[in-house]
Amino acid sequence: MTFRLSAWFSDRTGKKRIPSSHAPIASPGPAMWEEILAPAGRQRGGARLSLSEAEEISAAIGKAQTKLELLGAISDAAARFSVTDLEAMMKNFEEKTRDLDPAYRRLLLPRIHAYIFGSYHALMLLCTDDPALEDGPVRPSLGAYAAMVQEACRRRAQAEKPLELYFLKYLLAAFTMYVLEEPAHPVGTPFPGGLAVYREGDSYYCPVRDKSDDIPFSLCPFCPARQDTGARSLHGRDADRRIERLGTIERSRRDYHG
């Protein structure tokens, strides 16, 4: 049995596009989405975490070979956090997005709320004597992800900023991306321009998957989602193939017919 976090979202319609009336908004830029789970804010939550503890937990996560091993490492660490921390995380994100277009923000916040609380709920649900999880090897990039988290926490500690919610972001993302093999940004997350993260069969597509090269300690390089060109989202599932065929025809016309 495979557990999917998307089953916890209240909106299961799988819509790929934001209504056009909400499309023309000022883009917050890809960097904003790195704050999606743990934005800079005043809320801190109740958990306390030292740098050495964050490094130790990250090392344990990086050593996991299977999903069940990884689930154990993540659940041990998650036990120190509570709903109070999730509420603080959500409050911070609400503050971070306060200046966004109101119509767009109304679409975004429910998705983030469902993801923060849904991912934690799913994690706790799987931490049972008989977890409903299809075990198997973790994706090979987990070790690099854990090393990235360690370095991110060191930099944050050097800046004398609290680690707790920052680390919880990476903890929940590790669960989502490597245990459930779902995107860091939840299905349905809207982006400026009318695009959204979506699922098609067993694959996930994100409009900003490959657009975070200049963002330090980004989740995106480790996300199992594929880059969405926008053609699928805006013009349907066969659009990529149609565009590819048109490109082939155009190259043929140019190369062989002048």
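Just above, that's the structure.
Below, the structure is looked at part by part.

Definitions and cut-offs
Residues numbered from 1 in each chain as written. Predicted model: local features only at pLDDT ≥ 70, side-chain atom pairs only at ≥ 80, totals over all residues. Heavy atoms only, no water. Helix = DSSP H or I, 4+ residues; strand = E, 2+ residues; numbered from the N terminus. Buried < 20%, exposed > 50% of the residue type's maximum accessible area, 1.4 Å probe, protein only. Areas by Shrake-Rupley, 256 points an atom, 1.4 Å probe, with all protein chains shown as cover. Phe/Tyr/Trp six-rings, centres within 6.5 Å; stacked < 30°, edge-to-face > 60°. Lys NZ or Arg CZ within 6 Å of the ring centre and 35° of its normal. Expected span 1.5 Å × (residues − 1). Contact = heavy atoms within 4.5 Å. Axes fitted to C-alpha atoms, helices over the stretch in contact; angles between N-to-C directions. Parallel < 35°, antiparallel > 145°, perpendicular 65-115°, else oblique. Nonpolar A, V, L, I, M, F, W, Y, C, P; charged D, E, K, R; others polar. Polar contact = N/O pair within 3.5 Å; in protein donor to acceptor, adjacent residues only side chain to side chain. Salt bridge = Lys/Arg side-chain N within 4 Å of Asp/Glu carboxyl O.

Let's talk about the overall build of the protein
Part 1 of the argument: Within the protein, the secondary structure is distributed over 8 helices and 5 strands.
Part 2 of the argument: Along the protein, helices (α) and strands (β) appear in the sequence α-α-α-α-α-α-β-β-β-β-β-α-α when read from the amino end.
Part 3 of the argument: Counting over 258 residues, the protein shows a buried share of 47%.
Part 4 of the argument: Surface accessibility of the protein: about 13,000 Å² in total, with carbon and sulfur atoms responsible for 50%.

Observations concerning the packing of aromatic side chains
Part 1 of the argument: Inspection of the entire model under this criterion finds 5 aromatic pairs.
Part 2 of the argument: Plain terms: the ring middles of Tyr145 and Tyr170 are 6.4 Å apart, the flat faces sit at 65° to each other, and that makes the pair edge-to-face. Taken together, the residues span a long stretch of sequence, with Tyr145 in helix α5 (residues 142–158) and Tyr170 in helix α6 (residues 164–179) at a distance of 25 residues.
Part 3 of the argument: When its relative accessible area of 1% is taken as the criterion, Tyr145 is described as buried.
Part 4 of the argument: Centre to centre, the rings of Tyr198 and Tyr205 are 5.3 Å apart; their planes meet at 20°, and the pair counts as stacked. The residues Tyr198 and Tyr205 share a single accessibility class, namely buried.
Part 5 of the argument: By the ring-pair criterion, three or more aromatic residues cluster together here, those being Tyr145, Tyr166, Tyr170, Tyr178 and Phe222.
Part 6 of the argument: Looking at Arg139, its charged tip hangs above the ring of Tyr178, at a distance of 4.3 Å from the centre.

Describing α5
The α-helix winds at 3.6 residues per turn, so residues separated by three or four positions along the chain end up facing the same way.
Part 1 of the argument: Here α5 spans 24 Å end to end across 17 residues, near enough to the 24 Å set by a 1.5 Å rise per residue.
Part 2 of the argument: Looking at α5, one finds that the buried residues are Leu142, Tyr145, Ala146, Met148, Val149, Gln150, Ala152, Cys153 and Arg156.
Part 3 of the argument: Residues of α5 that are buried make contact with α1 (51–63), α2 (67–78) and α6.
Part 4 of the argument: Looking at the residues trailing α5, positive phi occurs at Glu160, about 60°.

Some details on unusual backbone geometry
Part 1 of the argument: Of note in the backbone geometry, Glu181 takes a positive phi value of approximately 60° without being a glycine.
Part 2 of the argument: By secondary structure assignment, the location of Glu181 is in the loop between α6 and β1 (190–191).
Part 3 of the argument: With phi around 60°, Phe217 is a residue other than glycine that occupies positive phi space.
Part 4 of the argument: If you trace the backbone, Phe217 turns up in the loop between β4 (203–206) and β5 (226–227).

Regarding the packing of α1 against α5
Part 1 of the argument: Look at α1 against α5: their axes get within 8 Å of each other, and the N-to-C directions meet at 175°. In terms of orientation, α1 lies roughly antiparallel with respect to α5. Taken together, the residues of α5 that come into contact with α1 (itself represented by Leu51, Ala54, Glu55, Ser58, Ala59, Ile61 and Gly62) are Leu142, Gly143, Ala146, Val149, Gln150, Cys153, Arg154 and Ala157.
Part 2 of the argument: Its residues assigned to classes, the contact of α1 with α5 shows 9 nonpolar, 4 polar and 2 charged.

Describing the environment of Arg105
Part 1 of the argument: Summarising the element assignment, Arg105 is placed in helix α4 (residues 102–126).
Part 2 of the argument: When the C-alpha positions of Arg105 and Glu94 are compared, they lie 9.0 Å apart, and in sequence the two are 11 residues distant.
Part 3 of the argument: Excluding its chain neighbours within four sequence positions, the residues that come into contact with Arg105 are Glu94, Thr97, Arg98, Leu100 and Pro110.
Part 4 of the argument: A polar contact of 3.0 Å, which involves the side chain of Arg105, links it to the backbone oxygen of Thr97.

A word on the pattern of salt bridges
Part 1 of the argument: All told, the structure shown has 8 salt bridges when counted by the stated rule.
Part 2 of the argument: The partner of Lys67 in a salt bridge is Glu181, with the nearest N and O atoms 2.6 Å apart. With a gap of 114 residues between them, Lys67 in helix α2 and Glu181 in the loop between α6 and β1 connect regions that are remote in the sequence.
Part 3 of the argument: Given the relative accessible area of 29%, Glu181 is considered partly exposed.
Part 4 of the argument: With a shortest N-O distance of 3.1 Å, Glu95 and Arg98 are connected by a salt bridge.
Part 5 of the argument: Looking at Arg98, the relative accessible area reads 48%, which means it is partly exposed.
Part 6 of the argument: Members of the salt-bridge network, linked through shared partners, are Glu55, Glu151, Arg154 and Arg155.

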